[in-house]
Amino acid sequence: GSSIGEFRSGTSVTNLDAFISSYNTNVAGHPTPAGSALITNGLFTQSQLLLLGAVTPALANVPANSGPAWLKTVDVRLSWPYVFKERFTIEPSVSAFNIFNSANFDSLMNPSAGILRPATTFPTNGSLGLGCGTASSCQSANRIGPGSGVFSLGSARQLEFGVRLTF
């Protein structure tokens, strides 16, 4: 019932509960296209797939005071190329990520538990080992910190120095 990339352009946070309710009413609990092929070929019945849990899952409603937190970051890169004999270029650079050191929550790589996940599998009550939504009372548990490597979008201020050689 939606298009790719429709969230926040066609479906907003305010009508997300209505969208999820419509999905749960019209789609959840029905066979997937692969499940329909199994039924058509006589390998399973719809009730057997339902008992196995091999149907589209129901989604939980959006927790109160939730929604993805805004990503606040300002990044800058400075580089200056030096050309040697019109054939070789050496380009030193320095990059600064999140230069104002803004606090960010709910990493894109680790979203809060329960949001748009099957209602039967992931509770949204902040159980041990799960995120507790994006309510301001529990955002500190989901604060973005430095990860491995240099890709830590939204983490604390970071500097990167580099050299590029082109020949």
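About the thresholds
- Residues numbered from 1 in each chain as written.
- Predicted model: local features only at pLDDT ≥ 70, side-chain atom pairs only at ≥ 80, totals over all residues.
- Heavy atoms only, no water.
- Helix = DSSP H or I, 4+ residues; strand = E, 2+ residues; numbered from the N terminus.
- Buried < 20%, exposed > 50% of the residue type's maximum accessible area, 1.4 Å probe, protein only.
- Contact = heavy atoms within 4.5 Å.
- Areas by Shrake-Rupley, 256 points an atom, 1.4 Å probe, with all protein chains shown as cover.
- pLDDT = per-residue confidence, 0-100.
- Polar contact = N/O pair within 3.5 Å; in protein donor to acceptor, adjacent residues only side chain to side chain.
- Patch = residues over 30% accessible without salt bridge, like charges linked within 9 Å, V, L, I, M, F, W, Y side chains within 5 Å.
- Salt bridge = Lys/Arg side-chain N within 4 Å of Asp/Glu carboxyl O.

Right, let's get into the overall build of the protein. When helices and strands are counted, the protein shows 3 helices and 4 strands. Element order for the protein, N to C, with α for helix and β for strand: α-α-α-β-β-β-β. Relative to its full complement of 167 residues, the protein shows a buried share of 23%. Partitioning the contacts of the protein with sequence separation of at least 6, the portion at a separation of at least 24 is 59%. Of the roughly 11600 Å² that the protein leaves accessible, carbon and sulfur atoms contribute 60%.

As a further point, take the confidence of the model for the protein. Of all residues in the protein, 62% attain a pLDDT of 70 or more, and the chain-wide mean is 75. Throughout residues 111–136 the model reports pLDDT below 50, and contacts reaching past four residues in sequence, or to other chains, amount to 44 contacts.

The next thing to look at is the environment of S79. Among the structural elements, S79 can be located in strand β1 (residues 76–79). On the basis of relative accessible area, S79 is assigned to the partly exposed category, the value being 30%. Counting along the chain gives 84 residues from S79 to V163, while the straight-line C-alpha distance between them is 9.0 Å. Non-local contacts of S79, meaning those with residues more than four positions away in its chain, are made with E91, P92 and S93. Engagement of the side chain of S79 in a polar contact is seen with the side chain of E91, the distance being 2.9 Å.

Tracing the backbone shows N98 in the loop between β3 (88–97) and β4 (158–166). Those residues in contact with N98 that lie beyond four places of it in its chain are K72, T73, V74, D75, N104, G154, S155, A156 and R157.

What follows deals with the environment of S102. Its place among the elements puts S102 in the loop between β3 and β4. Residue class for S102 comes out partly exposed when judged on its relative accessible area of 22%. Separated by 52 residues in sequence, S102 and G154 have C-alpha atoms that sit 7.9 Å apart. In contact with S102, not counting residues within four places along its chain, are K72 and G154.

To continue, consider the environment of T166. By secondary structure assignment, the location of T166 is in strand β4. Residue T166 is classed as partly exposed on the basis of its relative accessible area, which comes to 40%. Between the alpha carbons of T166 and T89 there is a distance of 5.0 Å; along the sequence they are 77 residues apart. In contact with T166, other than residues within four places in its own chain, are R87, F88 and T89.

On to a nonpolar patch on the surface. Together, V74, V76, L78, W80, Y82, F84, F88, F100, L165 and F167 make up a nonpolar patch on the protein surface, roughly 1100 Å² of accessible area in all. Secondary structure elements with two or more residues in the nonpolar patch: β1 and β2 (82–84). Mapped onto the elements, F100 comes out in the loop between β3 and β4. For F100, a relative accessible area of 60% gives the class exposed.

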